Structures are given as structure tokens and as C-alpha cells.
Amino acid sequence: MSYPQTLFSQTSFHGPSLLQSRRTTIARSTVKAQLQKLKDTGRYQCFSLKHQPIYDDRSRWPCPAPTYWDSDVAKWIEGACYLLAEEYDAEVDAAVRELADMIKGAQQEDGYLNTWFTITGLERWTNIRDQHELYNAGHLIEAALAHSNYYKNDLLIETLEKYVKHISTIIGPGPDQKHAYPGHPETELALLRLFTATGNEDAYGLAKFFVEERGNPTGQEGLSYYDWERRQRGDSPWKHPDSYQMHDSNWYNQAHAPILEQKSIEGHAVRAMYLLTGVADLLCLDELGLKSYKHKSEYFDALSRLWNNMVDKKMYLTGGIGSMWQWEGFGIDYFLPQGSDEGGCYNETCASIGVIMLAERLLHLDLNSKYADVMELCLYNAVMTGLSLEGTAFTYVNQLASSDADKSRRENWFDTSCCPPNVMRLFGCLGGYLWDYGGSGKDAYVNVHLYTTAKVTFQVEDQQIVLEQKSNWPWEGNILFQLQAPPSTNVTIRLRIPSWARRKFTLTPSHKPAKIEKGYLVLPPAYTSANRAFSIQIDGFKPRFISPHPYTNQNTLTLARGPLIYCVEDVDNAWEQDHFRNVGIRADSEVTEKDEEMDQMGERYIALRSVGWIRKIDDRAESEEESGVEPGLSLPQTVLLEQKDLTFIPYYLRANRGGRGHMRVGLLRL
């Protein structure tokens, strides 16, 4: 089974690239900075089951921070194991070993494994909707899989399989079981990975049940499970957690209807992405012949419908998702304000990581470049902006425009710190996202999704295949390839042609019969056997203006170049005093490029320069005599233009150089 989390080790980043630079920073700085934060905040000790004062804090009920501490530790272990596989570090190794022993020791006799409920003594499985028991279990499973792959033992696998067995006695379709499903999806995808690795049928059965039961309006005694559970707790119908707009608003958890009946992507963005990744993986098991699934077609239609709704109507130009701060998730179609002072823009880092995970699974079901295009968009923009160049500061929220209330900045850690270790584990297994590959007999294939400098080595039967790519992506579009394969092996290579390249590319040596199929240039065995070395020059690396859909009513222009989205910051445009809210640009403005380097950091990038104008508003509200007369203003009386030089930098580089935290992606269209 092709999972990035297991196949990443077959890819080596063997030369300089932007992605390798980030991976090196994470391996040498981020992993230790996060380890220290785990220790400083008490998370590291949670599996020792020692009481800490924070366990008495109920101010964030029903989700005090420690309810998901297990997952923070688990994600760090997972990411650390990926990174250790490439570069050993004794301190990190020792911490992983100690944590693994503590996790095993924290398991209860019946298999239960959750530090919050064990330490507090609160009743288990009474608030599956809100209190993250299953979510934590999912991340522990993924940590166990990474631990097993690196340490070559089943210390944590045995522990988590025992926990899965326990869960399967509590939850399931039986008359005496809870017909529940995770309030925060993640468990589904983890269980399916566990099944693939071990053949554990309990894991597969639970994952399948979670997917199919979600949103069942009569699942437990004639009620949806969350409504039944709420009644069992005796919750007041007039009270609800802050993230729920109504006491029965189950769309927050994607449980407002069965998945097959959901018409649009709704609710908490991270939960939605993890859920759909699990659904997609359920179908992948069928696609690859590992486990048949009779509803594959119907669920793929649902996945396609929800993906299209998300990308077409609810995704920002950076690949960010989740316009609503109130529930960290999706708003109505086309509601995509750039900043909180405009009404929203949350764009949690974890959510875009979830998009990448979903896109990777969908590529196994439908080799269509639209998934890889969005995967790349998220990676270079919405995700990479979540980490500082030093690798020790992070973002949770990624707005497209700052304000006085929410400036463009990063933090060293968060009370809810799901995002920092999530970035770490993604980059730890990033090699597995670059391509997928395989074959049988004398036939082999490689589908190249992402470009960088890297090399993959794999076996088909007893034959070794090596494909190497070299490029200066994302700054230049020329990629050199070198294939090594036995003469008797027929190798097909498919190269993604990004949508922003508008199908313009140059293949050398040329191949006139070559076809583009769903956005991939297909190089057949006849070509690859005759041309072991070849290159492709992909167009689209000149600056271009893009804009959100007209129905967003944004009326803005954004600069892009290749896969990168650009923004303006006050560091380069020191004259700005109001977060660029009154700065406009014209679509026919000349844009020039300049190679730049961030002082002391050695980070090289291409800056863009153009000319903009400042909108000056004759605001009568500043005059007490003219205020309160009528709403609105007359346009001719309110707009004056002052020309200014503008410097743009890649969005992922924002908030790295100090400044006053003024930043914006989309400028007024003039």
C-alpha cells in the first residue's frame, strides 16, 4: 500500500532545494524546540499519569487543553521518527524511547489509553463528540506506526492494537454498543493505516463503521448519536459549546447528514479534511485490491462533490481553508474575507495539511493534476508560512490581511498546539508526497506530482528503478530527469503540468505523440527507454495577477509566480500605516523581478516590484458636524490616488524580519 508515511524513506533529497532547506531546519531546530515546549508545558509528562494543576482547570469546558495533550505528544513522536530515519540525533532518540515506555505504562488493564480521563477520573466515553478520546487514539496509532517502522519493534503497535480491541467492544453496530463516531475525525485514517500494516480486522471494521454511521439521524434509539449522547449526559438544550452555533448543529462535526448525502463542505475545516482522507483511504484499499468495498462508487462521487465545492467556493488563493473564526471552519459559499476585521479568515495550518493528505489519497483514485495542483499550492503557501525560517516559531491562523487586532506574526507555542508538530511530521515524510510509483512484471511507472531535487529508488519484482529529478523549483521551471532501469523493464513516466502553466511546456528531447491525460504528460516506455536523460521546461514563471471569484465581492488583485502567492509587508514598504487596506494596483501594471536575500538568514528568494496607488478617503465621520447624516459616501468625493512603489515577497516568508506586522495578499483592483 502506497502511504507517504511509509514510502518516504525511498526518496532522498540529495541536493539543494527550498523543500530540503525546510526539512533540514525542522530536523535540526524544530524537533528540539518542540521537545522543549512539550517539557515546559507538562505535555511530556502526561503519560506518567502524574497530576498537574492544569488538570483542575475547567475554564475551557468541555475541552480543557489537556484533553488533547496525548495527540500533541503523539504527533511529535511520529514526526521525530520520520526525521530520525534520515538524520540521527541522540537527544531526540532518547526522548522518543522514554515517551514510548511511558505510553505503554499508561495503558489500563482493559486496554484503555487516555491520560486526561485516567488522571481526572472522569467517566469515559460520555462525550465522544467533544472530548477527543478517539482523536487522541488516532494520533497514537499513527505514532505507533512510525515508531514501529523506525525502531523495528512492536512496542507501541501492541499497545495500540490492545486499545483498538477495547474500543471495538465499546463502539460498534451491536445492540449493546455505542453507535458513535469521532467528534474530531482522524481515527478513521489511522485505523485504516493500522489495518494495512498489520491486517487488524478490528481496525478496519471500526473505520468502516465510523464512515458509514456518521450522520445517521436515527443511529441510537431513534436519535443521531450526538443528540442521544447529549441527553444521556443531561445537558441543557439551551447551552452548547462555543463552537456550536446551535445545540444540535452537528454540521460542525460533519455529522449533520450521512456523508453520501452531504452536498457541500461544512463545519470545522481540519475535521472535514481528516474525515474525507479516511473515506478516500477506504476506497484506496479497494482500488489497490487490498480490501473490497461495495460502496466505492457512491463515496467517490461524494468525495468529488465535496472537493469541488471546497476548491471552487471555499478556498483562499493561498490554499487556506476556513473563513470562520467562530468554528475554525467553512462559511457559506464564496465568503472569503481576507482578515478578521473584514469578517473572518481563519485558515488553520492543520487544515491545509489536511488538504494535502486528502489530495494525496485522491490521486490514487483519480490521477488528475487538479489534486496535485492544490497539494502544491497548500504546501508552498498555506502550510510553509506556518513555520519561521529559524524553525522555532509557528502560526495557527494564516490570514491574508493583517489588522491592528490580528497582526502578521508567529508564536513559539500555543495552548492548543496541534499545528507545530503537524508541520514537523508532514515535512518528515514529505518525500512520499512527491510521486507515486509501482508496477508488476516487466512494467513500471512513476507519477511525478511535485518538482524539486530528489531521487526515488524502488523495486518492481526483482528489478531496481531509480528516477532522479533536479530543479530550482519553485523559482524556475526547468527540471532535469535521469532514469535508471533494466533494459527489459518498460517504464512509463507521467509529469504533472500545473494548471497555471496553461499547458505550455517544452520537453527535451521532444516526443510528438506525447499526450496530456488529466493534466499529466505521459511519457511511454518507447520514450523513456530511448531517453534515459530528459528535461521539461514548464512555463508560468513570469509574474501574473490572479483574483478571487467575483462572487466573493473582494475586487482585489494578487500577484503570483509559479506556485507561489505573494504579499506585501511593511518591512519593504515602510510608508504603510494601515495594513495596506487602501492600497490598490492595476492589472496592466508592469511587474519586475529581483533576486533578494534575507539578511543573516541566508534565505534567497525572488521579490516582485510594481507600482500601486493609495486610496484616500474623505471620511466625513472624522468631522463631528458631518457625521451621522447618511450611510455611504459619494465615490467622486472620496477617492484620490497617490502613487507608491510596491515590493512583494512570497507569502510563506512573511513575519520573518520584524516590522510592525502589516501584511496583505490581495490589493484593491483599480
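Residues numbered from 1 in each chain as written. Predicted model: local features only at pLDDT ≥ 70, side-chain atom pairs only at ≥ 80, totals over all residues. Heavy atoms only, no water.

Moving on, we get to the side chain of Ser388. Tracing the backbone through its elements, the reader meets Ser388 in the loop between helix H14 (369–383) and helix H15 (419–428). Sequence-distant contacts of Ser388, that is, excluding residues within four places in its chain, are made with Ala393, Arg410 and Asn656. (Helix = DSSP H or I, 4+ residues; strand = E, 2+ residues; numbered from the N terminus. Contact = heavy atoms within 4.5 Å.)

Our focus in this paragraph is the packing of helix H2 (residues 18–41) against helix H4 (residues 90–106). Viewed as axis vectors pointing N to C, H2 and H4 meet at an angle of 45°, and their least axial separation amounts to 11 Å. With respect to each other, H2 and H4 are oriented oblique. Pair H2 / H4 crosses with left-handed handedness. Contact residues: H2 offers Val31, Lys32 and Leu35, while H4 offers Glu91, Val92 and Ala95. (Axes fitted to C-alpha atoms, helices over the stretch in contact; angles between N-to-C directions. Parallel < 35°, antiparallel > 145°, perpendicular 65-115°, else oblique. Left-handed = near helix turned anticlockwise from the far one by under 90°.)

For any pair of aromatic rings, the description rests on two quantities: the centre-to-centre distance and the angle between the ring planes. Evaluated as defined, the whole model comprises 28 aromatic pairs. Look at Tyr55 and Trp116: their rings are 6.1 Å apart centre to centre, the planes differ by 25°, and that puts the pair in the stacked class. You can see Tyr55 sitting in the loop between H2 and helix H3 (69–84) and its partner Trp116 sitting in helix H5 (residues 115–120), a full 61 residues away along the chain. With respect to class, Tyr55 is no different from Trp116; both count as buried. An aromatic cluster of at least three residues, connected via ring pairs, comprises Tyr451, Trp473, Phe481, Trp500, Tyr527, Phe534 and Phe541. The aromatic ring of Trp613 is capped on one face by Arg586, whose charged end is 4.1 Å from the ring centroid. (Phe/Tyr/Trp six-rings, centres within 6.5 Å; stacked < 30°, edge-to-face > 60°. Buried < 20%, exposed > 50% of the residue type's maximum accessible area, 1.4 Å probe, protein only. Lys NZ or Arg CZ within 6 Å of the ring centre and 35° of its normal.)

When you line up the elements, Glu133 lands in helix H6 (residues 133–151). Through-space distance from the C-alpha of Glu133 to that of Ser71 is 9.8 Å; in sequence the pair is 62 residues apart. Setting aside anything within four residues of it in sequence, one finds Glu133 in contact with Tyr112, Asn114, Phe117, Arg124, Trp125, Thr126 and Tyr163. A polar contact of 2.6 Å, which involves the side chain of Glu133, links it to the side chain of Tyr112. For Glu133, the side chain forms a polar contact with the main-chain nitrogen of Trp125, separated by 3.1 Å. (Polar contact = N/O pair within 3.5 Å; in protein donor to acceptor, adjacent residues only side chain to side chain.)

For the rest of this paragraph, the subject is the packing of helix H7 (residues 155–170) against helix H9 (residues 201–213). In the contact formed by H7 and H9, the axes pass within 9 Å of each other and the chain directions differ by 45°. Accordingly, the angle class assigned to the pair H7 and H9 is oblique. At the point where H7 passes H9, the crossing takes the left-handed sense. Of H9, the residues touching H7 (which contributes Val164, Lys165, Ile167 and Ser168) are Asp202, Ala203 and Leu206. Across the contact of H7 with H9, the residue classes tally to 4 nonpolar, 1 polar and 2 charged. (Nonpolar A, V, L, I, M, F, W, Y, C, P; charged D, E, K, R; others polar.)

Bringing the sheet that holds strand E10 (residues 520–523) into the picture now. Pairing within the open sheet is mixed, and its 5 strands lie in the order E2-E3-E7-E10-E9. Looking at the sheet topology across the chains shown, the edges are occupied by strand E2 (435–440) and strand E9 (515–517). The sheet shows a mean angle of 25° between the axes of neighbouring strands, taken without regard to direction. (Pairing = 2+ DSSP bridges.)

Here we come to the sheet that holds strand E8 (residues 505–508). One open sheet holds the 6 strands; their spatial order is E1-E4-E5-E6-E11-E8, and the pairing between them is antiparallel. Taken across any chain shown, the strands that pair with only one partner, and hence form the sheet edges, are strand E1 (11–12) and E8. Sheet topology places E8 next to strand E11 (residues 533–538); 4 bridges connect them, and they run antiparallel. The residue bridging Leu507 from the neighbouring strand is Ile536, located in E11.

All right, on to the side chain of Gln469 then. Relative to the elements of secondary structure, Gln469 occurs in strand E5 (residues 463–471). Among the polar contacts listed, one links the side chain of Gln469 to the backbone oxygen of Leu450, at a separation of 3.2 Å. Within the structure, the side chain of Gln469 is placed 2.8 Å from the backbone nitrogen of Thr452, a separation counted as a polar contact. Non-local contacts of Gln469, meaning those with residues more than four positions away in its chain, are made with His14, Trp435, Val448, Leu450, Tyr451, Thr452, Thr453, Ala454, Ile479, Leu480 and Phe481.

So, on to the pattern of salt bridges. Under the definition given, this model contains 42 salt bridges. One salt bridge in this structure joins Asp130 and Arg129, with 2.9 Å as the shortest N-O distance. Residue Asp130 shares its accessibility class with Arg129, and that shared class is buried. When the shortest N-O distance is used, the salt bridge between Asp341 and Arg581 registers 2.9 Å. Residue Asp341 is found in the loop between helix H12 (296–313) and helix H13 (349–365), and its partner Arg581 is found in the loop between strand E14 (564–569) and strand E15 (583–585); the two are separated by 240 residues along the sequence. One connected set of salt bridges, linked through shared partners, spans Glu78, Glu142, Arg193 and Arg425. (Salt bridge = Lys/Arg side-chain N within 4 Å of Asp/Glu carboxyl O.)

Rolled over the atoms, a probe as big as a water molecule pinpoints where empty space is left. In this structure, the largest pocket occupies an estimated 840 Å³ of space. Forming the boundary of the largest pocket are 36 residues, of which Val311, Tyr316, Leu317, Leu377 and Ile546 lie nearest the centre. Those elements giving two or more residues to the lining of the largest pocket turn out to be H12, H14, strand E12 (544–546) and strand E13 (556–561). Here the lining of the largest pocket is built from residues that sort into 17 nonpolar, 11 polar and 8 charged. (1 Å grid on protein atoms, 1.4 Å probe; cavity = no way out; pocket = protein on both sides within 12 Å on 5 of 7 lines; lining within 4 Å. Points joined across faces, edges and corners; volume = space filled by probe spheres on them.)

This structure, assessed with the given rule, holds 6 cavities of 30 Å³ or more. Roughly 90 Å³ of internal volume is contained in the largest cavity. Every residue along the wall of the largest cavity is listed here: Tyr3, Pro4, Gln5, Leu189, Arg193, Thr277, Asp281, Met357, Glu360, Arg361 and Tyr433. Among the secondary structure elements, those contributing two or more residues to the lining of the largest cavity are helix H1 (4–7), helix H8 (187–198), helix H11 (269–287) and H13. Top element by residues in the lining of the largest cavity is H13. It accounts for 3 residues. As a volume, the second largest cavity reaches approximately 50 Å³. Residue lining of the second largest cavity: Gln5, Glu78, Ile353, Met357, Arg425, Leu426, Cys429 and Tyr433, and that is the complete set.

Looking now at H11. Taking 1.5 Å of rise per residue, the 19 residues of H11 would be expected to cover 27 Å, and the 27 Å separating its terminal C-alpha atoms lies within 8% of that figure. For H11, the buried fraction is high: 18 of the 19 residues fall into the buried class. In the segment just after H11, Gly289 is the residue with positive phi, at about 75°. (Expected span 1.5 Å × (residues − 1).)

Let's shift gears to the environment of Ala533. If you trace the backbone, Ala533 turns up in strand E11. Residue Ala533 is classed as partly exposed on the basis of its relative accessible area, which comes to 42%. It is 6.4 Å that separates the C-alpha atoms of Ala533 and Leu483, two residues lying 50 residues apart in sequence. Look past the residues within four positions of Ala533 in its chain and what remains in contact with it is Phe481, Gln482 and Pro509.

A few words on the pairing of strand E3 (residues 443–448). Sheet topology places E2 next to E3; 6 bridges connect them, and they run antiparallel. For Asp436, the partnering residue across the bridge sits in E3 and is Asn447. Linking E2 to E3, which pair antiparallel, is a turn of 2 residues; within it Gly441 sits at a positive phi near 60°. With 6 bridges joining them, E3 and strand E7 (residues 490–496) adopt parallel strand pairing. When the bridges of E7 are listed, Tyr445 appears paired with Thr492.

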